[in-house]
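Examination of the molecular architecture
In case you want the letters, here they are:
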Amino acid sequence: MKKIITNVILVDPEKDVCEKGNIYIQDGKICAPFDEAYGEIYDGGGLYAAPAFTDMHCHLREPGQTHKETISTGTAAAKAGGFCAVACMPNTNPSIDCEIVLNSVKKSVESVGNCKVFPIAAITEGLASRKLTDMPVLAKLGAIAFSDDGKPVAQSDMLMDAMKIAAENDLLMISHCEDMSLIGGCINEGEVSAQLGVKGLTGACEEICIARDILLAKETGVRLHIAHVSTAYGVELIRMAKRLGVNVTAETCPHYFSLDESAVLQYGTNAKMNPPLRTENDVDAIKQGLCDGTIDVIATDHAPHTEQEKSQPLEKAPFGISGLETAFSLCITNLYKTGAMTLPQIIKKLSLTPASILGTNSGSLRIGADADIVLFDPDEQYTVDKNEFKSMGKNTPFHGVTLFGKVKKTFINGQE
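We now turn to the structure provided with this report. Predicted, not measured: the structure shown is a model, and the values here were computed from it.

Reading guide: rules and limits
Residues numbered from 1 in each chain as written. Predicted model: local features only at pLDDT ≥ 70, side-chain atom pairs only at ≥ 80, totals over all residues. Heavy atoms only, no water. Helix = DSSP H or I, 4+ residues; strand = E, 2+ residues; numbered from the N terminus. Rg over C-alpha atoms; globule rule 2.2 N^0.38 Å. Contact = heavy atoms within 4.5 Å. Areas by Shrake-Rupley, 256 points an atom, 1.4 Å probe, with all protein chains shown as cover. Lys, Arg positive; Asp, Glu negative; His and termini not counted. Charge placed at Lys NZ, Arg CZ, Asp CG, Glu CD. Expected span 1.5 Å × (residues − 1). Bend = angle between axes of the 7 residues up to and from the residue. Buried < 20%, exposed > 50% of the residue type's maximum accessible area, 1.4 Å probe, protein only. Disulfide = S-S within 2.5 Å. Arc of directions from axis to C-beta. Polar contact = N/O pair within 3.5 Å; in protein donor to acceptor, adjacent residues only side chain to side chain. Salt bridge = Lys/Arg side-chain N within 4 Å of Asp/Glu carboxyl O. Pairing = 2+ DSSP bridges. Right-handed = clockwise from strand over helix to strand, strands pointing away. Axes fitted to C-alpha atoms, helices over the stretch in contact; angles between N-to-C directions. Parallel < 35°, antiparallel > 145°, perpendicular 65-115°, else oblique. Left-handed = near helix turned anticlockwise from the far one by under 90°. Nonpolar A, V, L, I, M, F, W, Y, C, P; charged D, E, K, R; others polar.

Below, the discussion takes up the overall build of the protein. Scanning the protein from terminus to terminus reveals 13 helices and 17 strands. By the compact-globule yardstick of 22 Å for 416 residues, the protein fits well, its C-alpha radius of gyration being 20 Å. Summarising its shape, the C-alpha atoms of the protein cover approximately 65 × 45 × 45 Å along the three principal directions. Restricting the contact set of the protein to residue pairs at least 6 apart, pairs at least 24 apart contribute 76%. In the form shown here, the protein has an accessible surface area of approximately 16000 Å², with 48% of it arising from carbon and sulfur atoms. Here the protein contributes 38 positive and 53 negative side-chain charges, whose respective centroids are spaced 2 Å apart.

Here you go:
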C-alpha cells in the first residue's frame, strides 16, 4: 500500500533542518517519491511532521499492577503523546526476568496494537541482586536491553560480571543510579525538605552510583545508558566519562528541566518522583547537558499510580509521574519556546537517538526507515486536563497548566 503525507513542514533530526515537503510511504516504510496518482493522500494541513518518538524508559505495570496501568492503556497514552515505540521496564510483578514472563508481555503487546513495545529484561532475578538472569537467552527472545530499574544492582562485583556478559554479547545495560545505603527520603534534601520537616534524598545518592557504573563500564567496555539524570554533578560525571571515551549515553526526563524542588509545595505528592526534583541550579545544568550533547535522550519515566495511592501523606505516597502525554509539550514549552533548543535538536533527543541506542528502525525520515511519523503544531497552546489522559495514571503536577506544542496525529508503520 502506498501513502503520501502532503503539505507538511518536515523536521529532520539527521539533516538538522525544517523544510516544506512530503513523506512517501510504501508497505509501512518511508520510500522514494512516486507519482501521487498511485497513492492515498493524507493532507497534513501545514502541520510539522517528524519521526515519531521512542521512549527508552516507561512503566506499563503489566503484569501484576494492572490497577495502575495496562499495556493497552499505556500504549494508547504513548500514541496520543506522539510515541511510536516504548521500552518498558522490568519492575513488574513478577519481574521480567525469565522466558515465561517475557513471552507473556510480548503476547499482551501483540493483542493491543497501539504502538510498538520493546521489553527491557532484568539483570538479576526478581531485581534482588542475588543471581544474574540469562541475559543472552532473554535477548534472543526479544529483550531489547537490561536493567534492574527501581533499584541498582547492589554488589559491584555482580554488576561487573553482568557487564562483561553484556559486552561480550553487545547488549545494552540501563542503570538506575541510586546508592541504596542513602535512601529513605521522599524529596530532594534541601530547603523544601527542611521547610516540610521530611527526610530528603541527597544528590550524592545518585552521583555515587553514576560514578561507580561509569568506572565499571570503562573496565568492561559495555554499552551503558544512565537513566533519569537529575543533578548537576551527575551531568558533569557523564560529561567527563564521554571525554575519556567511555561508551556511555544518558537520558533525562521532562520534569527535570521543567520543575524544581519548590513544585512539591504547590503540587504535593504529584511532584514526588525518584530521583526527586532538584534545585534551580540542577535544572539549569540538565538544560545545558541537553544543549551540549552530554545528555543524549529525553525519556518519560512514565510511572502511573492510582489516585488513592498518591493521596497518601508525602512520606508514604509512591514515587512517579504519568508522563507520556505531556512529555512533548514540556519539551516545546521549556526548551523550544525559550530558545534553548531548536525543533530538530529536540526531535533528535526524542526520536533519532533513542531509536539508534536501542537499535530499532524508527526515528528517521530516511528511505527505508519505518514510517513512524508524528504530526504536531508547536505553536498551539492547550491546558492539560488529566481527565483526558488515555493513561490510567492521572498523577501529574501539570493538570491545569497551559503548555505549547500539541500532538495532532501519530502514524505507526504508515497507519493512523
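Between its first and last C-alpha atoms helix α13 (residues 343–358) spans 22 Å; for 16 residues at 1.5 Å apiece the expected length is 22 Å, and the two agree. The principal kink in α13, of about 45°, is found at Lys349. A large share of α13 lies buried, amounting to 13 of its 16 residues. Just beyond α13, the residue with positive phi is Gly359, at close to 80°.

If you walk through the whole model with that rule in mind, you get 0 disulfides. Free of any disulfide, Cys115 has its nearest neighbouring cysteine sulfur in Cys84, separated by 7.5 Å. Look at Cys115 and you get buried, because its relative accessible area is 7%. The structure places no disulfide on Cys177, whose sulfur is separated from the nearest cysteine sulfur, that of Cys209, by 5.1 Å.

Turning our eyes to something else, we now look at unusual backbone geometry. With an omega of 5°, the peptide bond running from Asn93 to Pro94 counts as cis. Within the element layout of this structure, Pro94 appears in the loop between β7 (83–88) and α2 (99–110). With an omega of 0°, the peptide bond running from Asn274 to Pro275 counts as cis. Tracing the sequence through the fold places Pro275 in the loop between α9 (263–267) and α10 (280–292). Here the phi dihedral of Asn7 falls at roughly 55°; this positive angle occurs in a residue that is not glycine. Its place among the elements puts Asn7 in strand β1 (residues 2–12). Exposure remark for Asn7: the relative accessible area of 42% places this residue in the partly exposed category. In this model, His228 sits at a positive phi of 30°, which is unusual for a non-glycine residue. Take His228: it is sitting in the loop between β13 (223–226) and α7 (232–243). His228 gets classed as buried once you look at its relative accessible area, which sits at 2%.

Over its 12 residues, α2 runs 16 Å from end to end, which matches the ideal 16 Å to within 8%, given 1.5 Å per residue. Residues Val101, Leu102, Val105, Ser108 and Val109 constitute the buried set of α2. Axial view of α2: buried residues confined to an arc of 125°, hence all on one face. Across α2 from its buried face, at more than 90 degrees, point the exposed residues Ile100, Lys107 and Glu110.

This part covers the side chain of Ser258. With respect to the element layout, Ser258 can be found in helix α8 (residues 254–258). At 2.7 Å, the side chain of Ser258 forms a polar contact with the backbone oxygen of Pro254. A polar contact of 2.9 Å, which involves the side chain of Ser258, links it to the side chain of Asn334. Ignoring sequence-local partners within four residues, the contact set of Ser258 consists of Leu330, Asn334 and Phe398.

Summarising the element assignment, Asn91 is placed in the loop between β7 and α2. Side-chain polar atoms of Asn91 contact the side chain of His59, separated by 3.0 Å. Apart from the residues within four sequence positions on either side, Asn91 is in contact with His59, Gln65, Leu127, Asp149 and Gly150.

Here we come to the pattern of salt bridges. Taken as a whole, this structure holds 16 salt bridges when the rule is applied. Across the salt bridge formed by Lys218 and Glu219, the nearest N and O atoms sit 3.1 Å from each other. Of the charged contacts, one joins Asp292 and Arg239 as a salt bridge, the two residues approaching to 2.8 Å between their closest N and O atoms. Taken as a pair, Asp292 in helix α10 and Arg239 in helix α7 lie far apart in primary sequence, 53 residues in all. Look at Asp292 and you get partly exposed, because its relative accessible area is 37%.

Moving on, we come to the pairing of strand β14 (residues 248–252). Of all 5 residues in β14, 5 are buried; the element is thus mostly enclosed. Here β14 shows a buried face lined by Val248, Ala250 and Thr252 and a second buried face lined by Thr249 and Glu251. Pairing analysis gives 3 bridges linking β13 to β14, with the strands arranged parallel. Counted as the bridge partner of Leu224 is Val248 from β14. Since β13 and β14 lie parallel, the crossover through α7 that links them has a hand, and here it is right-handed.

This part is about the packing of helix α12 (residues 327–336) against α13. As a packed pair, α12 and α13 sit with axes 11 Å apart at the nearest point and diverge in direction by 140°. What the angle tells us is that α12 and α13 run oblique. The crossing of α12 and α13 is right-handed. Residues Phe328, Cys331, Ile332, Leu335 and Tyr336 of α12 form the contact with α13, whose participating residues are Leu343, Ile346, Ile347 and Leu350. When grouped by side-chain class, the residues that make up the contact of α12 with α13 number 9 nonpolar, no polar and no charged.

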